[in-house]
Amino acid sequence: MRVPRRRFHVSALTELLLGVPTVLSSLLIVGLIGKAVFPQALWLLPAAWFVSGAFVLLPTVDKLLAVLAHRLRKPTGTESAALQPLLDEVCGAAGVEPGRYWLRVQNSREINAMAVGGHVVGVSTAAMRLPPEQLEAVLAHELGHHLAGHTKISLLRWWYELPARTTVWVVLVVGLGVHAAGRRIGTPAARTISIVLIVVLAVAAVAVSPWVLLVPVIAPLLAWQSRKAELHADRVAAELGYGPLLLEVLQQWVRQGHDLHRARAGVRARMLASHPSCAQRISRLRGR
């Protein structure tokens, strides 16, 4: 059994590169705000924003995201007694300290698991009904994301993209409000003015967040990168000795119809899927 080295995998680095256009748009927005607020120190706000990325990686942020973004909670005593020995085994196989990672549970009827930030490994209550050895394989997959740096890079990208994405969201909400107001007033002049204002808002949004023009290209590439990351996490689990058990889980999901929706989806939906099909994961694990 080969123990995977802890390093950023190429799939994580690819995600980082794909986020560059949006991050640059965020930098432009933060710079414009800084120019308005601190005209004598234009560098101050962009520098503070850049440094703030280090705080996003603090353990406290992981705990907040686990609760706010994924609705994860601390395991009960019974749940902890069932999960902790499994995580200890996985960490022992990977040669990492189990204390680095925190177990969390999501109340859900769907079998699911996730890695959050740099420390959280979460499982759904439905996943806890899997046989212990299969659940251990699922935890090995999630640990694979942590070992490859997928979760840290995703968190940093989300944070540094936030100003650009927030700007586009605000412009969209204002544009919808202007459109609704024009229709409510109902006069030709009001409708014309609303259309002009919407066009002006759209041009302004593109001017400060030009990354939106690249969304049709970046979105499929990010989805492709996410699928690559999932396949890599499977490979890490297999290198830790959990390949056969992970195959059992995936085969069970196929029998339950997990791939049926994907098979019926259109080409665009498949391009934007964040996870590969169970069939593809099974094929990769079998070395095909």
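Up top you'll find the structure we're talking about.
What counts and what doesn't
Residues numbered from 1 in each chain as written. Predicted model: local features only at pLDDT ≥ 70, side-chain atom pairs only at ≥ 80, totals over all residues. Heavy atoms only, no water. Patch = residues over 30% accessible without salt bridge, like charges linked within 9 Å, V, L, I, M, F, W, Y side chains within 5 Å. Areas by Shrake-Rupley, 256 points an atom, 1.4 Å probe, with all protein chains shown as cover. Salt bridge = Lys/Arg side-chain N within 4 Å of Asp/Glu carboxyl O. Helix = DSSP H or I, 4+ residues; strand = E, 2+ residues; numbered from the N terminus. Buried < 20%, exposed > 50% of the residue type's maximum accessible area, 1.4 Å probe, protein only. Pairing = 2+ DSSP bridges. Expected span 1.5 Å × (residues − 1). Phe/Tyr/Trp six-rings, centres within 6.5 Å; stacked < 30°, edge-to-face > 60°.

Notes on a nonpolar patch on the surface
A cluster of nonpolar side chains, namely Ile-33, Val-37, Phe-38, Trp-43 and Leu-44, defines an oily patch on the protein surface of about 480 Å² accessible area. Assignment of secondary structure puts Phe-38 in the loop between helix 2 (20-37) and helix 3 (44-56). When its relative accessible area of 34% is taken as the criterion, Phe-38 is described as partly exposed.

Topic: the sheet that holds strand 2 (residues 102-106)
A sheet is described by the order of its strands in space; here four strands give the open sequence 1-2-4-3, paired in mixed fashion. Of all strands in the sheet, those with a lone pairing partner are strand 1 (72-73) and strand 3 (113-116), marking the two edges.

Considering helix 3
Think of an α-helix as turning once every 3.6 residues; residues three or four places apart then point the same way. Compared with an ideal rise of 1.5 Å per residue, which puts 13 residues at 18 Å, helix 3 spans 19 Å between its outermost C-alpha atoms and is within 8% of the ideal. Residues of helix 3 that are buried: Pro-46, Trp-49, Ser-52, Gly-53 and Val-56.

A few points about the packing of aromatic side chains
Overall, the coordinates contain three aromatic pairs when judged by the stated rule. Between Trp-49 and Tyr-160, the ring centres sit 5.1 Å apart and the planes meet at 80 degrees, which makes this aromatic pair edge-to-face. Note that Trp-49 is positioned in helix 3 and Tyr-160 in helix 7 (residues 150-185), a separation of 111 residues in sequence. Comparing Trp-49 with Tyr-160, the two get one shared label, buried. Ring centres of Trp-158 and Trp-159 lie 6.2 Å apart, and the angle between their planes is 50 degrees; on these two criteria the pair is classed as tilted.

Overview of the pairing of strand 4 (residues 120-124)
Side chains on a regular strand alternate between the two faces of the sheet. Among the five residues in strand 4, five count as buried, and that is most of the element. Side chains Val-120, Gly-122 and Ser-124 of strand 4 all project onto a buried face; the interleaved residues Val-121 and Val-123 project onto the opposite face, where all are buried too. The sheet contact formed by strand 2 and strand 4 spans five bridges and is parallel. Pairing of Val-105 across the sheet is with Val-123, part of strand 4. Where strand 3 lies against strand 4, four bridges are found, and the strand directions are antiparallel. Following the sheet pairing, Ala-115 is matched in strand 4 by Val-121. The turn linking strand 3 back onto strand 4 is made up of three residues, and Gly-117 within it adopts a positive phi angle of 60 degrees.

Interpretation note: all reported values are geometric properties and have no functional meaning in isolation.
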